[in-house]
Amino acid sequence: MFAIVATVYVGSILWTIGISLTPSRSLPIYEFVGLEQYVALFRSSRWTTSLVNMLVFGAGYIGGCLALGYLMAIFIDQKVRAENALRTIFLYPHAMSFIVTGLVWQWIMSPTEGIQDFVRGLGLTGFTFDWIVRPDMAMYAVIIAGIWHGAGFVMALLLAGLRGVDTEIWKAARIDAVPAWRMYLHVVTPILVPVFVTCAVLLSTHAIKSYDIVVAMTKGGPGIATEVPAKFVMDYLFERSSVGRAAAAATVMLMMVMAVAAPVLYARAAAAKG
């Protein structure tokens, strides 16, 4: 197993980094050109736009999933009826792939078939909900779909964290007549910080690698309004036949994932030693 991982996984990463230092086009060309591909990459307005879009998507997606997931976890933590059914319903969207999620929300937000068409069919002909075809709003449409997909996953992790909070804390709060909202805000939330961090790291890697949902919903459009780094890589790899440029972009994405995950892994290792 170790040999397979070292050869296929680590070997592929090293080969990709090596190809990013060559002028490869349709086929690999093993000619060293240094950081030429990286310089050209960051001079590309399409690449910088994709990075900005990724940051916007990541901020909205992660923040929305954490907030909505926490609210859903608190709701279920109240020992509501049909808890198992509600937990399954909230978690169900995460069981679907990003492709399915994107296609569903592409239909929901379509001006000709979705919410806008439905409301106008009720007689409100002036109603407009065309975010998915507007360059200034299309990314927010993708964010909404992403939150719908990921909030249930966050809910499941945070609910497990809530159920692990010492019951003596709640007993003391009831004796002191502390409002529940204040307990969640000032006592429970700090206790769950490690769970929030774990959720944020996992969601961050999803945001950096986001491709399926964007392609399914908008194909990166209108124009390049929802272009993301993963789509940039795939386009340059298969459509523009620029293996070197695609490898450089993929390497930058790998560095971003490492930048997110490394501090958390280091902190966990330090805590384990302590």
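Check the entry above for the structure.
Residues numbered from 1 in each chain as written. Predicted model: local features only at pLDDT ≥ 70, side-chain atom pairs only at ≥ 80, totals over all residues. Heavy atoms only, no water.

Draft legend 1. Up close: the packing of helix α8 (residues 167-175) against helix α9 (residues 180-191). It is at 12 Å that the axes of α8 and α9 come closest, and there the two elements cross at 165 degrees. Classed by the angle they form, the pair α8 and α9 counts as roughly antiparallel. Note on packing geometry: the crossing formed by α8 with α9 is right-handed. From α8, I169, W170 and A173 reach across to α9, where they touch M183, Y184, V187, V188 and I191. Partitioned by chemical class, the residues of the contact of α8 with α9 number 8 nonpolar, no polar and no charged. (Axes fitted to C-alpha atoms, helices over the stretch in contact; angles between N-to-C directions. Helix = DSSP H or I, 4+ residues; strand = E, 2+ residues; numbered from the N terminus. Parallel < 35°, antiparallel > 145°, perpendicular 65-115°, else oblique. Left-handed = near helix turned anticlockwise from the far one by under 90°. Contact = heavy atoms within 4.5 Å. Nonpolar A, V, L, I, M, F, W, Y, C, P; charged D, E, K, R; others polar.)

Draft legend 2. Fine view of the pattern of salt bridges. Taken as a whole and assessed by the stated rule, the structure comprises 10 salt bridges. Measuring nitrogen to oxygen at the nearest pair gives 2.5 Å for the salt bridge that ties D235 to R46. Taken as a pair, D235 in helix α12 (residues 229-239) and R46 in helix α3 (residues 45-76) lie far apart in primary sequence, 189 residues in all. A relative accessible area of 13% means that R46 is categorised as buried. Between D136 and R134 there is a salt bridge, and its shortest N-O distance comes to 3.0 Å. Connected through shared salt-bridge partners, R46, E227, K231 and D235 make up one network. (Salt bridge = Lys/Arg side-chain N within 4 Å of Asp/Glu carboxyl O. Buried < 20%, exposed > 50% of the residue type's maximum accessible area, 1.4 Å probe, protein only.)

Draft legend 3. Up close: the side chain of T22. Tracing the chain through its elements places T22 in the loop between α1 (2-19) and α2 (36-43). Among the polar contacts listed, one links the side chain of T22 to the backbone oxygen of I19, at a separation of 2.7 Å. A distance of 2.6 Å separates a polar atom in the side chain of T22 from a polar atom in the side chain of S24. Residues within four places of T22 in sequence aside, it is in contact with I29, Y30, E31, V33, Q37 and G244. (Polar contact = N/O pair within 3.5 Å; in protein donor to acceptor, adjacent residues only side chain to side chain.)

The values are spatial; any link to function lies outside them.
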